[in-house]
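Each chain, written out:
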Amino acid sequence: MAITLEQLNAAAIPEAAQLLDGLYEHSPWIARAALAQRPFRSVPQLKHIMARIVAEADRDAQLALVRAHPELAGKAMVSRTLTAESSNEQNKAGLTNCSPDEFARIQQLNTGYNARFGFPFILAVRGPRGTGLAKQEIIETFARRLDNHPDFELAEALRNVHRIAEIRLDDRFGTEPTLGNLVWDWQEKLAQHSDPGYAEKGQLTVTYLTDAHRACAQRISSNMRDCGFDEVEIDAVGNVVGRYKAFGTGNRAGVKTLMTGSHYDTVRNGGKYDGRLGIFTPMACVRELSRLGRRLPFDFEVIGFAEEEGQRYKATFLGSGALIGDFNQQWLDQKDADGVPMREAMQHAGLCIDDIPKLRRNPADYLGFVEVHIEQGPVLNEIDLPLGIVTSINGSVRYLCEITGMASHAGTTPMNRRRDAAAALAELALYVEKRAAQDGDSVATIGMLNVPNGSINVVPGRCLFSLDMRAPVDAQRDALVADVLAQLQAICERRGVHHTLELTERAAAAPSAPAWQARWERAVDSLGVPLHRMPSGAGHDAMKLHKVMPQAMLFVRGQNAGISHNPLESTTNNDMQLAVEAFQLLLNHLATETP
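Here the structure is a predicted model, which is why all the values come from computation and not from measurement.

A.B. asks: Just give me the short version of the overall build of the chain, but keep the residues and values in it.
C.D. replies: The helix and strand tally for the chain stands at 21 helices and 16 strands. In terms of its C-alpha atoms, the chain occupies a principal-axis envelope of roughly 75 × 75 × 45 Å. Long-range contacts, defined here as pairs at least 24 residues apart, represent 77% of the contacts in the chain between residues at least 6 apart. Accessible area of the chain: about 25300 Å², with a carbon and sulfur share of 50%. Taken as two groups, the 62 positive and 72 negative side-chain charges of the chain have centres that lie 1 Å from each other.

Written out as structure tokens, the structure is:
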């Protein structure tokens, strides 16, 4: 019989502890410590409290918790001494029905893992969807994590322990993240479309106006219609635009619009959630509104932006940029790697280029823009929070640079007479790392580094490299840039080398509008989820819309240390459920504010 939060809050400690028994394998101390913090406002709050208790425990207690878990397909499974919960989980993943080769491989991995880390491999084998991971995925994850640093792997084991407890807690409360599952399933189906050369390898790549890209647009359009949107169209740059109209649609005077959305193109061999999560989350909200026959006092516009990543052509934010009048007609003459001009690709896709200027929105017609996005970083994952409030999208400055010294014989040139371009860059790289860290939330990266025509026995005479510097506030970013460039100048003068710089990008920071950030905060707090405010280090469509209307973003935790632009990019049905619920609350609260 399912328990309720009210029942848990009201029960005496022994009874309440029994209700939570088995969430953490053979470790009742966690639930007992959590019960001291009653009453719980929500199940997500209870989950976080238990995770914090583990995080604040000493290392011996954490190791004991991990060691209380059985090995995958290990001795306890063979001897049938698993707990009921573990038996159910391993059975759902098919581990109780391994082939001899699979069983032998898992035993080999168990042996190697225990020898390296001293504790068993922990994986939430029911997976991010809750239905069970495939055995091959389990084995691949097992092998990959063998390479982790011991401290990181302990933290990763504990994160999986918490995911196991989360799924068990849902079972205990008899709850299912149905909207999170819906969003999950939409994304899985969309990920079936991938560009040639990648699809055959099982890799996800969707670049602007390819057949896969156009198939994605059609699938999103179809899903929008199924959700109950009043209007669905693919516009002149390939954006998929769905509108759910306000009540009283017969009289449109004074009706404003809330815009949301994100992009559906991907990087090459990327993940399933970058951008797409921000399309499907609000779509789930519209589906529920339509199912209930409910209207909002404003139009709700959900947009799948056609392009953000700049993978096929050297132009980014084509989708969101077109809505603010920022579409450069010269881009139409750009050619992709196969020599196909953008103009030709658009014509082949049946887009009307002449209509692009008509896409420009009138900001006076809009309440603002909000965006949901997977974090693309490790912060929420490390602090075990499902949602984060974005305070600002970092401003960035990028350079392509060259240091020129003197190529000379590596054996005959004394160390004090060298003009080594690579050594100069190495010194700069260490400074860049140190200087960015001083700000706490600034970041700086030398992402490309090349010694042209380098040779093992030649002192490098040239070095080509990139500089990418970002910060949440333009003044902070500019101070970072000034210090790095001054250091570059000083290093070159001291070492007798020269440098050149080519500015390739300067993007202003996009601070969240205070009122809209507060709306996200109110929604997240209503769920009982602790608030965590953080900047976005990556660029997003929201930074384009920021130029003409107020914007604010909500981050959703990523799994696998928050990795993104990578096939391992992932999140869970529970976290997506909370994102949908937060969006629903934002819409509900906004409805009470809107005349």
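After presenting the structure, the write-up continues.
A.B. asks: Could you give an account of the packing of aromatic side chains, naming the residues involved and the relevant values?
C.D. replies: A complete count under the given rule lists twelve aromatic pairs for this structure. Plain terms: the ring middles of Tyr 113 and Phe 117 are 4.6 Å apart, the flat faces sit at 55 degrees to each other, and that makes the pair tilted. Taken together, the positions of Tyr 113 and Phe 117, both in helix α8 (residues 100–117) and four residues apart, correspond to about one turn of that helix. The residues Tyr 113 and Phe 117 share a single accessibility class, namely buried. Ring centres 6.0 Å apart and planes at 40 degrees place the aromatic pair Trp 184 and Tyr 273 in the tilted group. One end of the pair, Trp 184, is in helix α11 (residues 178–190); the other, Tyr 273, is in the loop between β3 (257–263) and α13 (277–291), and 89 residues separate them in sequence. Note on accessibility: Trp 184 and Tyr 273 belong to one class, buried. An aromatic cluster is defined as three or more aromatic residues linked by ring pairs; in this entry it consists of Tyr 113, Phe 117, Phe 119, Phe 121 and Phe 142. One cation-aromatic arrangement involves Arg 295 over Tyr 244; the distance from NZ or CZ to the ring centre is 4.3 Å.

A.B. asks: Outline the packing of helix α4 (residues 43–56) against helix α10 (residues 150–173), listing residues and values.
C.D. replies: It is at 11 Å that the axes of α4 and α10 come closest, and there the two elements cross at 150 degrees. Our pair here, α4 against α10, has a crossing hand that is right-handed. When α4 is examined against α10, the residues Val 43, Leu 46, Lys 47, Met 50, Ala 51 and Val 54 are found in contact with a partner set consisting of Leu 158, His 162, Glu 166, Leu 169, Asp 170 and Phe 173.

A.B. asks: Run through the state of the cysteines, naming residues and quoting values.
C.D. replies: One pass over the full model with this rule turns up zero disulfides. Take Cys 401: it sits in no disulfide, and the sulfur closest to it among the cysteines is that of Cys 492, at 9.8 Å. Its sulfur unpaired, Cys 463 is 10 Å from the next cysteine sulfur, which belongs to Cys 401. When its relative accessible area of 0% is taken as the criterion, Cys 463 is described as buried.

A.B. asks: Tell me about unusual backbone geometry, and please be specific about residues and values.
C.D. replies: In the segment running from Arg 38 into Pro 39, the intervening peptide bond is cis, with an omega of 5 degrees. By secondary structure assignment, the location of Pro 39 is in the loop between α3 (29–35) and α4. A positive phi angle is found at Leu 209, which is not glycine, with a value near 65 degrees. Checked against the element boundaries, Leu 209 lands in the loop between α11 and α12 (211–227). A positive phi angle, close to 55 degrees, is found at Asn 269, a residue other than glycine. Relative to the helices and strands, Asn 269 is located in the loop between β3 and α13.

A.B. asks: Requested: an account of the packing of α13 against helix α21 (residues 573–593), with residues and values cited.
C.D. replies: At a minimum axis separation of 9 Å, α13 and α21 run at an interaxial angle of 60 degrees. For the element pair α13 / α21, the angle class is oblique. With respect to the hand of their crossing, α13 and α21 are arranged in right-handed fashion. On α21, the residues touching Leu 277, Thr 281, Pro 282, Ala 284, Cys 285, Glu 288 and Leu 289 of α13 are Met 576, Ala 579, Val 580, Phe 583, Gln 584 and Leu 587. Residue composition of the contact of α13 with α21, grouped by class: ten nonpolar, two polar and one charged.

A.B. asks: An account of the pairing of strand β1 (residues 231–234) is requested, with residue identities and associated values reported.
C.D. replies: Examined bridge by bridge, β1 and strand β2 (residues 240–244) share four bridges and lie antiparallel to one another. Residue Glu 231 lies in a different strand from β2, and its bridge partner there is Arg 243. Here β1 hands over to β2 after five residues, with Gly 238 in that stretch at a positive phi of 100 degrees.

A.B. asks: How would you explain the environment of Leu 578 if you had to name every residue and give the values?
C.D. replies: Here Leu 578 is to be found in helix α21. With 129 residues separating them in the primary sequence, Leu 578 and Leu 449 have C-alpha atoms 41 Å apart. Excluding its chain neighbours within four sequence positions, the residues that come into contact with Leu 578 are Pro 44, Pro 386, Leu 387, Leu 527 and Val 529.

A.B. asks: Explain the nonpolar core residue by residue, including any values.
C.D. replies: Tyr 208, Met 283, Met 342, Met 346 and Trp 520 are the most contacted members of the largest nonpolar core, which totals 100 residues. Ranked by residue count, the leading element in this core is α21, at ten residues. In this structure Met 346 touches Tyr 208, Leu 209, Ala 236, Val 237, Leu 332, Leu 351, Ile 353 and Ile 356, once residues within four positions along its chain are discounted. Counting residues in hydrophobic clusters, the runner-up holds 52 residues, among them Val 43, Ile 139, Leu 146 and Leu 169.

A.B. asks: Could you give me a rundown of the pattern of salt bridges, with the residues and numbers involved?
C.D. replies: Applying the stated criterion across every chain, the model contains 40 salt bridges. Across the salt bridge formed by Glu 156 and Arg 159, the nearest N and O atoms sit 2.9 Å from each other. Of this pair, Glu 156 and Arg 159 both sit in helix α10, three residues apart, roughly one helical turn. An identical accessibility class is assigned to Glu 156 and Arg 159; each is buried. Among the ionic pairs, Asp 474 bridges to Arg 477, the shortest N-O distance being 3.5 Å. Placement of both Asp 474 and Arg 477 in helix α18 (residues 474–495) is noted, with a separation of three residues, approximately one turn of the helix.

A.B. asks: An account of the side chain of Ser 536 is needed here, citing residue identities and associated values.
C.D. replies: Mapped onto the elements of the fold, Ser 536 is located in strand β15 (residues 533–536). Taking the relative accessible area as the measure of exposure, Ser 536 reaches 0% and is therefore buried. The residues contacting Ser 536, other than those within four sequence positions of it, are Val 390, Ser 392, Ile 393, Asn 394 and Phe 555.

A.B. asks: Describe in detail the pairing of β2, supporting the description with residues and values.
C.D. replies: Of all five residues that make up β2, five are buried, and the element is covered over most of its length. Residues Val 240, Gly 242 and Tyr 244 of β2 are buried on one face, and the alternating residues Val 241 and Arg 243, pointing to the opposite face, are buried as well. Two elements, β2 and strand β4 (residues 299–305), share five bridges in a ladder whose sense is antiparallel. When the bridges of β4 are listed, Gly 242 appears paired with Val 302.

The rules we used
Residues numbered from 1 in each chain as written. Predicted model: local features only at pLDDT ≥ 70, side-chain atom pairs only at ≥ 80, totals over all residues. Heavy atoms only, no water. Helix = DSSP H or I, 4+ residues; strand = E, 2+ residues; numbered from the N terminus. Contact = heavy atoms within 4.5 Å. Areas by Shrake-Rupley, 256 points an atom, 1.4 Å probe, with all protein chains shown as cover. Lys, Arg positive; Asp, Glu negative; His and termini not counted. Charge placed at Lys NZ, Arg CZ, Asp CG, Glu CD. Phe/Tyr/Trp six-rings, centres within 6.5 Å; stacked < 30°, edge-to-face > 60°. Buried < 20%, exposed > 50% of the residue type's maximum accessible area, 1.4 Å probe, protein only. Lys NZ or Arg CZ within 6 Å of the ring centre and 35° of its normal. Axes fitted to C-alpha atoms, helices over the stretch in contact; angles between N-to-C directions. Left-handed = near helix turned anticlockwise from the far one by under 90°. Disulfide = S-S within 2.5 Å. Parallel < 35°, antiparallel > 145°, perpendicular 65-115°, else oblique. Nonpolar A, V, L, I, M, F, W, Y, C, P; charged D, E, K, R; others polar. Pairing = 2+ DSSP bridges. Core = buried A, V, L, I, M, F, W, Y, C linked by side-chain atoms within 4.5 Å. Salt bridge = Lys/Arg side-chain N within 4 Å of Asp/Glu carboxyl O.

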